[in-house]
Amino acid sequence: MNHLVYIGHQGRGQQWREEFSRQRPDLVFHLGLEGSEGLESHDVRYVVAWQPPKDLIDRFPNLEVLFSLGAGVDHIDLSRMPPAVKLVRMVEPGLRQDMVEYVVWAVLSLKRQIPTYLQQQNQILWKALEGPQALRYRVGVMGLGVLGQAVFRGLQPFDVDLAGWSRTPHSLKGVKCYAGPEALADFLRDTHILVNLLPLTSATHHLVNQAFLELLPAGAVFINAGRGPQVVQQDLLDALDRGHLSHAILDVTDPEPLPASHPLWRHPSVWITPHVAGHSHPNSAAQVVLENIGRHEMGLPMAGLVDRVRGY
Ligand code: NAP
Ligand code: GLV
């Protein structure tokens, strides 16, 4: 019999177990490494994990597929993982919908100048600003993958111009698309609300630095729902202090959690959420992994297979 080990949140893991027992009773489901006494480690073919242990392959030498519980896989150390082991990131509708809600909330909050109105409330100041209809906003999304494209669909009903930037060229209806480092300056120059949905790779690490931020128009705002280490945080703080950036909404930071003394916590032009923009939902995520296991067993390509050289 083949075995699967789930390494993650125990409560959500129970829901995964129920889904697997119902649909694949032939596949033995283990909830956590501790709860797997009697486990024939040579029979483990699949692991589902957010943070797998470093010695995963020593524990399970016949592992075939590692399913990430997250859409990002940057935190998974593959240095000891044989190339034959497939890594699959999470592509599932629950997480996607979470991210759409988060980015639409953040974009509309900024478009409607809510940060300024909250500051005015603190000053007991009743003062209407020039309405958003008087301004023309362009929302620029970095990353035109599963999440970036879903976010565009979420933003389509609102009165904003949409643009996107990716590694390779894309053509998306209603979105001005830019690709590659040579197009980055043109993309940023006209972007008022910048949304980061890039995977963390060597090419995107510290991408958002002083030179990058200078390319944005004065008063631009930044929403980071990608990864903290993509940003040089001191450069972000400097841009906010100078007023070059008017606001930032950060769901991810470096490190996480941000130390209590970090100036981003108390910055008047920063809102922070604790890495909650998108999480996989047990039922829909289990369904996707079940389908992928079926595809793997039939020798078909799995959805969300990571290119280990590209890093996402
Ligand atoms: P995806 O489908 O793999 O899409 C990644 C996109 O980024 C692609 O469009 C890709 O370009 C682009 N890209 C990669 N490297 C690039 C580079 N060097 N320059 C320009 N573009 C580059 O990934 P996804 O499912 O949308 O997820 C994106 C990321 O969101 C995840 O990796 C994770 O870090 C983050 N995330 C955060 C949360 C949260 O709660 N904050 C939740 C989920 C995910 P091509 O299309 O040309 O390949
Ligand atoms: C969360 O950050 C994810 O990558 O899914």
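All values derive from a computational prediction rather than experimental measurement.

Would you mind going over the nonpolar core with me for this structure?
As a rule of thumb, nonpolar side chains are buried together in soluble globular proteins. Within the largest apolar cluster, 50 residues are counted, with the highest numbers of intra-cluster contacts made by L4, W16, F20, F67, V139 and I223. Among the elements that take part in this core, helix 3 (residues 93-111) stands out by supplying nine residues, more than any other. Those residues in contact with F67 that lie beyond four places of it in its chain are Y46, V47, V48, A49, V88, V289, N292, I293 and M302. L184, F212, L258 and L264 belong to the second largest nonpolar core, which has 28 residues in total.

Explain the pattern of salt bridges to me, please; I cannot follow it from the model alone.
Side chains bearing opposite charge may pair, as long as their charged atoms lie close to each other. Applying the stated criterion across every chain yields a total of 10 salt bridges. Between D26 and R24 there is a salt bridge; the shortest N-O distance is 2.9 Å. A residue is classified by how much of its surface remains accessible, and R24, at 17% relative accessible area, is buried.

Just to check I follow, could you spell out the site of ligand 1 for this structure?
Around ligand 1, 29 residues are found, and the nearest of them are R89, L144, T168, H170 and Y312. One nitrogen or oxygen atom from the side chain of R227 is found 3.4 Å from an oxygen atom belonging to ligand 1. If ligand 1 stood free it would expose 940 Å²; the protein chains cover 93% of that surface. Of all the secondary-structure elements, those providing two or more residues to the shell around ligand 1 are helix 3, helix 5 (146-155) and strand 7 (161-166). For the shell around ligand 1, the per-class residue count stands at 15 nonpolar, 10 polar and four charged.

Got a minute to help me understand the sheet that holds strand 12 (residues 270-272) in this structure?
In a beta sheet, neighbouring strands are held together by backbone hydrogen bonds and run either parallel or antiparallel to one another. Read from one edge to the other, the open sheet built from seven strands follows the order 8-7-6-9-10-11-12, with strand pairing classed as parallel. Of all the strands in the sheet, the pair left with one neighbour each is strand 8 (176-179) and strand 12. Direction aside, the axes of adjacent strands within the sheet are offset by 15° on average. Packing against the sheet, helix 8 (residues 233-241) makes contact with strand 10 (220-224), strand 11 (245-250) and strand 12, and its axis sits at approximately 140° to strand 11.

Please clarify how the environment of L144 should be interpreted in this entry.
Position of L144 among the secondary structure elements: in the loop between strand 6 (138-142) and helix 5. Given the relative accessible area of 3%, L144 is considered buried. In sequence terms L144 and L197 are 53 residues apart; their C-alpha atoms lie 7.9 Å from each other. Excluding residues within four positions of it along the chain, L144 makes contact with Q149, F152, G164, W165, S166, H170, L172 and C177.

What am I meant to see in the pairing of strand 2 (residues 28-31) here?
When a strand is regular, its side chains alternate between the sheet's two faces. When strand 1 (residues 3-7) meets strand 2, the two strands line up parallel, connected through four bridges. Across the sheet, Y6 pairs through a bridge with L31, a residue of strand 2. Regarding topology, helix 1 (residues 10-23) serves as the crossover connection from strand 1 to the parallel strand 2, and that connection is right-handed.

Sorry if this is basic, but what is going on with unusual backbone geometry here?
Negative phi is the rule for most residues except glycine; trans is the rule for most peptide bonds. With an omega of 0°, the peptide bond between D254 and P255 qualifies as cis. Here the bond from E256 into P257 is cis, since omega is -10°, no more than 30 degrees from zero. Along the chain, P257 falls in the loop between strand 11 and helix 9 (263-266). With phi around 50°, H275 is a residue other than glycine that occupies positive phi space. Inspection of the secondary structure puts H275 in the loop between strand 12 and helix 10 (282-297).

Teacher, can you tell me more about the packing of aromatic side chains here?
Both the distance between ring centres and the angle between the ring planes are used here to describe each pair of aromatic rings. Here the structure, examined in full by the defined rule, presents eight aromatic pairs. Ring geometry for W105 against W271: centres 5.9 Å apart, planes inclined by 25°, an arrangement best described as stacked. Of the two residues, W105 sits in helix 3 while W271 sits in strand 12, which places them 166 residues apart along the sequence. By relative accessible area, which is 37% here, W105 ends up partly exposed. Each member of the aromatic cluster is reached from another via a ring pair, and the members are Y6, W16, F20 and F29. In this arrangement the basic side chain of R310 is found over the ring face of Y312, its NZ or CZ atom lying 4.0 Å from the centre.

Conventions and cut-offs
Along each chain, numbering runs from 1 in the same order as the chain's sequence is written. Throughout, the order in which chains and ligands are written sets their labels, letters from A for the former and numbers from 1 for the latter. Local features in this predicted model are restricted to residues of pLDDT 70 or higher, and side-chain atom pairs are both shown and tallied only at a pLDDT of 80 or more, whereas totals for entire chains, interfaces and linings draw on every residue. To obtain the side-chain values, all non-hydrogen atoms of the structure were included, while hydrogens and water were left out. As used here, the term nonpolar core means buried Ala, Val, Leu, Ile, Met, Phe, Trp, Tyr and Cys residues forming a set that is joined through side-chain atoms within 4.5 Å. A simple rule labels every residue: compare its accessible area, found with a 1.4 Å probe on the protein chains alone, to the largest value its type can have, and call it buried under 20%, exposed over 50%, or partly exposed in between. Here a helix means four or more residues in a row that DSSP labels H or I, a strand means two or more in a row labelled E, and each is numbered from the N terminus. In what follows, a contact means two residues having at least one pair of non-hydrogen atoms within 4.5 Å. We count a salt bridge whenever a side-chain nitrogen from Lys or Arg sits within 4 Å of a carboxyl oxygen from Asp or Glu. Summary of the distance rule: residues count as near a molecule or strand when at least one heavy atom falls within 4 Å of that molecule or strand. We define a polar contact as two N or O atoms separated by no more than 3.5 Å, with the added condition that, inside protein, one atom must be a possible hydrogen donor and the other a possible acceptor, whereas residues neighbouring each other in sequence contribute only through side-chain atom pairs. Each accessible area is a Shrake-Rupley result for a 1.4 Å probe, and residues are judged covered by the shown protein chains and nothing else. In this classification, the charged set is Asp, Glu, Lys and Arg, the nonpolar set is Ala, Val, Leu, Ile, Met, Phe, Trp, Tyr, Cys and Pro, and all remaining amino acids, among them Gly, are polar. When DSSP finds two or more bridges between a pair of strands, those strands are recorded as paired. Convention adopted: a line fitted to C-alpha atoms gives each axis, helices being fitted over their contacting stretch, and angles between N-to-C directions are expressed from 0 to 180 degrees. When the strands point away from the viewer and the path from the first strand over the helix to the second turns clockwise, the crossover is right-handed. In this scheme Phe, Tyr and Trp rings, the latter by its six-membered ring, pair at centre separations within 6.5 Å, and the angle between planes marks the pair as stacked below 30 degrees, edge-to-face above 60, and tilted otherwise. Criterion for a charge above a ring: Lys NZ or Arg CZ within 6 Å of the ring centre, and within 35 degrees of the ring normal.

Interpretation note: all reported values are geometric properties and have no functional meaning in isolation.
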